[in-house]
Amino acid sequence: YFSHIPHNLTEIDALNKKNIFISILLPIALRGNEIILEEKQSIKKISTSKKNIDELEFFAKKYKVQNYKNINFANLNSSQISQIKSQLLIKVDTIPISMILAQAIVESGWGSSRFAREGNALFGEWTWQKGMGIKPEENLDTNFAVKSFSDISSSLNSYLLNLNRHSAYKALRN
């Protein structure tokens, strides 16, 4: 796996640049979906044991199931566990590879954007936390930035998690 987009990608002719970009991103996208499938299998196996409830709580918080902040995980009954698992099984799902590639292509200009080169940001995710991203050069006074990441895999995993948990993508998940 490549950890970042090569800095000289902008100097390569268009056809080769596109092939390189897809060659870099495709295995990372496939692995991201494999991780999601592994999590989904773990969720399916959750029972009422204490160890499993801790795992259920972890996934409920990670994927932000409905009202997760107010759930008392120590006192769940089997019906509540089933309800949380059902929500998770809808939220924890793979994303079509074609969609992942298309979004990265559009948002990063085939890996040529400043955000991709400087911050491994392939999907144009925004953040409002200071110091957690790259400000657009044309508007350095904005209250947001494009999230930056230590590597491409982190960018991809953040994108997949965003699609699987944010309310704006509920129709996509359904």
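Residues numbered from 1 in each chain as written. Predicted model: local features only at pLDDT ≥ 70, side-chain atom pairs only at ≥ 80, totals over all residues. Heavy atoms only, no water.

Draft legend 1. The arrangement of helix α3 (residues 78-91) in detail. Taking 1.5 Å of rise per residue, 14 residues should cover 20 Å, and α3 covers 20 Å from first to last C-alpha, within 8% of that figure. Along its buried surface, α3 packs onto α1 (14-44), α2 (50-62), α6 (152-165) and α7 (170-173). N-cap assignment for α3: the residue whose side-chain oxygen lies 3.0 Å from the backbone N of serine 79 is asparagine 77. (Helix = DSSP H or I, 4+ residues; strand = E, 2+ residues; numbered from the N terminus. Expected span 1.5 Å × (residues − 1). Contact = heavy atoms within 4.5 Å. Polar contact = N/O pair within 3.5 Å; in protein donor to acceptor, adjacent residues only side chain to side chain.)

Draft legend 2. Quick look at the nonpolar core. Ranked by internal contacts, the top residues of the largest apolar core, which has 38 residues, are Phe21, Leu56, Ile84, Leu88, Ile100 and Leu122. Those elements that place two or more of their residues in this core are α1, α2, α3, α4 (97-108) and α6. A total of seven residues in this core trace back to one element, the largest contributor, which is α1. Apart from residues lying up to four places away in sequence, leucine 122 is in contact with Ile5, Phe21, Leu25, Gln103, Ala104, Glu107, Ser108, Ala116, Ile152 and Ser155. (Core = buried A, V, L, I, M, F, W, Y, C linked by side-chain atoms within 4.5 Å. Buried < 20%, exposed > 50% of the residue type's maximum accessible area, 1.4 Å probe, protein only.)

Draft legend 3. Main features of the packing of α4 against α6. Packing of α4 against α6 brings their axes to within 12 Å, and their N-to-C directions diverge by 115°. The crossing of α4 and α6 is right-handed. For the pair α4 and α6, the contacting residues are Met99, Ile100 and Gln103 in the first and Leu156, Tyr159, Leu160 and Leu163 in the second. Its residues assigned to classes, the contact of α4 with α6 comprises six nonpolar, one polar and no charged. (Axes fitted to C-alpha atoms, helices over the stretch in contact; angles between N-to-C directions. Left-handed = near helix turned anticlockwise from the far one by under 90°. Nonpolar A, V, L, I, M, F, W, Y, C, P; charged D, E, K, R; others polar.)

Draft legend 4. Representation of the packing of α2 against α3 in the model. Viewed as axis vectors pointing N to C, α2 and α3 meet at an angle of 40°, and their least axial separation amounts to 11 Å. The orientation of α2 with respect to α3, classified from their angle, is oblique. The element α2 and its partner α3 pack so that their crossing is left-handed. Residue-level inspection shows Ile53, Leu56, Phe59 and Ala60 of α2 in contact with α3, the latter providing Ile81, Ile84, Lys85 and Leu88. Partitioned by chemical class, the residues of the contact of α2 with α3 number seven nonpolar, no polar and one charged. (Parallel < 35°, antiparallel > 145°, perpendicular 65-115°, else oblique.)

Draft legend 5. View of α2. When the terminal C-alpha atoms of α2 are compared, their 18 Å separation across 13 residues agrees well with the 18 Å that a helix rising 1.5 Å per residue should span. Burial in α2 covers these residues: Asn52, Ile53, Leu56, Phe59 and Ala60. Viewed end-on, α2 has its buried residues packed into an arc of 125°, placing them on one side of the element. Structural note: α2 exposes Lys50, Lys51 and Phe58 on the side pointing more than 90 degrees away from its buried face. (Arc of directions from axis to C-beta.)

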